[in-house]
Amino acid sequence: MFSSVGISLAAGISALAGLVEITRAARLVRVGKIATARVVVNTSAESDDDEPPPRLRFRTEDGLDVEVVERTRKAGDEVRIGAEVPVLYDPRDPERARRNASAQIWGPGLVWIAFAALLGVAAAVQALVT
């Protein structure tokens, strides 16, 4: 069905995406600043059927007001709308802020790496079977 070369290529691309995310997370942890954000929902969504994702609204040390879409959502976020949460942001690029939690900072990169490993195993199995 799929060749082991194709699966290996997909694994390599996934691993590269994971390394990029891990590198961004490491930089964010190294140079990031902590701020307090309020969880808000943008009510001007284009479609009434889709639930708008939570947004984090905060002010940087320089006084810049920033609002970012949260990258990953948790069950029960609707309950926390209006809550204050800590965020970690890069002073040079505050638009890439993330909630200051290990899963939020490191999670996306680790998911890509795990997916790459799964594809790598699938490619090895495919190569052995054929």
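Here's what I pulled together on the structure shown here. (Residues numbered from 1 in each chain as written. Predicted model: local features only at pLDDT ≥ 70, side-chain atom pairs only at ≥ 80, totals over all residues. Heavy atoms only, no water.)

Side note on helix α1 (residues 4-31)
Here α1 contains 28 residues, and its C-alpha end-to-end distance of 40 Å stays within 8% of the 40 Å for a straight helix at 1.5 Å per residue. For α1, the full list of buried residues reads I7, A11, S14, G18, E21, A25 and L28. In this structure, the buried side of α1 is in contact with β4 (84-90), β5 (93-99) and α2 (102-129). (Helix = DSSP H or I, 4+ residues; strand = E, 2+ residues; numbered from the N terminus. Expected span 1.5 Å × (residues − 1). Buried < 20%, exposed > 50% of the residue type's maximum accessible area, 1.4 Å probe, protein only. Contact = heavy atoms within 4.5 Å.)

Focus on the pairing of β5
Judged from the three bridges that link them, β4 and β5 form a sheet pairing that is antiparallel. Paired with V87 across the two strands is R99, which belongs to β5. Here β4 folds back onto β5 in antiparallel fashion, the turn holding two residues. (Pairing = 2+ DSSP bridges.)

Quick notes on the layout of surface pockets
Approximately 180 Å³ is the volume attributed to the largest pocket. Every residue lining the largest pocket is listed: R24, A25, R27, L28, Y89, D90, R92, D93, R96, A97 and R98. When contributions to the lining of the largest pocket are tallied by element, the ones reaching two or more residues are α1, β4 and β5. (1 Å grid on protein atoms, 1.4 Å probe; cavity = no way out; pocket = protein on both sides within 12 Å on 5 of 7 lines; lining within 4 Å. Points joined across faces, edges and corners; volume = space filled by probe spheres on them.)

Concerning the pattern of salt bridges
Should the charged atoms of two oppositely charged side chains come close, the side chains can pair. What the rule picks out here adds up to eight salt bridges. For the salt bridge of R98 with E21, the shortest nitrogen-to-oxygen distance reads 2.8 Å. Taken together, the residues R98 in strand β5 and E21 in helix α1 connect sequence positions 77 residues apart. One salt bridge connects D90 with R27, and the closest N-O pair in it is separated by 3.1 Å. Of this pair, D90 sits in strand β4 while R27 sits in helix α1, and the two are 63 residues apart along the sequence. Through salt bridges that share partners, E21, R24 and R98 make up one connected network. (Salt bridge = Lys/Arg side-chain N within 4 Å of Asp/Glu carboxyl O.)

Concerning the environment of I113
Its location among the elements puts I113 in helix α2. We classify I113 as partly exposed; its relative accessible area is 32%. Taking the C-alpha atoms as reference points, I113 and G12, separated by 101 residues in sequence, lie 9.6 Å from one another. If we ignore the near neighbours within four places in the chain, the residues touching I113 are A15, G18 and L19.

Some points on the sheet that holds β4
One open sheet accounts for five strands, arranged β3-β2-β1-β4-β5; its pairing is antiparallel. Each having just a single partner strand, β3 (65-69) and β5 make up the two edges of the open sheet. Each strand of the sheet is rotated relative to its neighbour by a mean of 40°, with strand direction disregarded. Sheet topology note: the strand β1 (residues 33-41)/strand β2 (residues 54-59) ladder contains four bridges and is antiparallel. Of the residues in β2, the one forming a bridge with V40 is R55. Relative to the sheet, α1 contacts β1, β4 and β5, its axis offset from that of β4 by approximately 105°. In the packing of α2 onto the sheet, the strands contacted are β4 and β5, and the crossing angle to β5 comes to about 100°. (Axes fitted to C-alpha atoms, helices over the stretch in contact; angles between N-to-C directions.)

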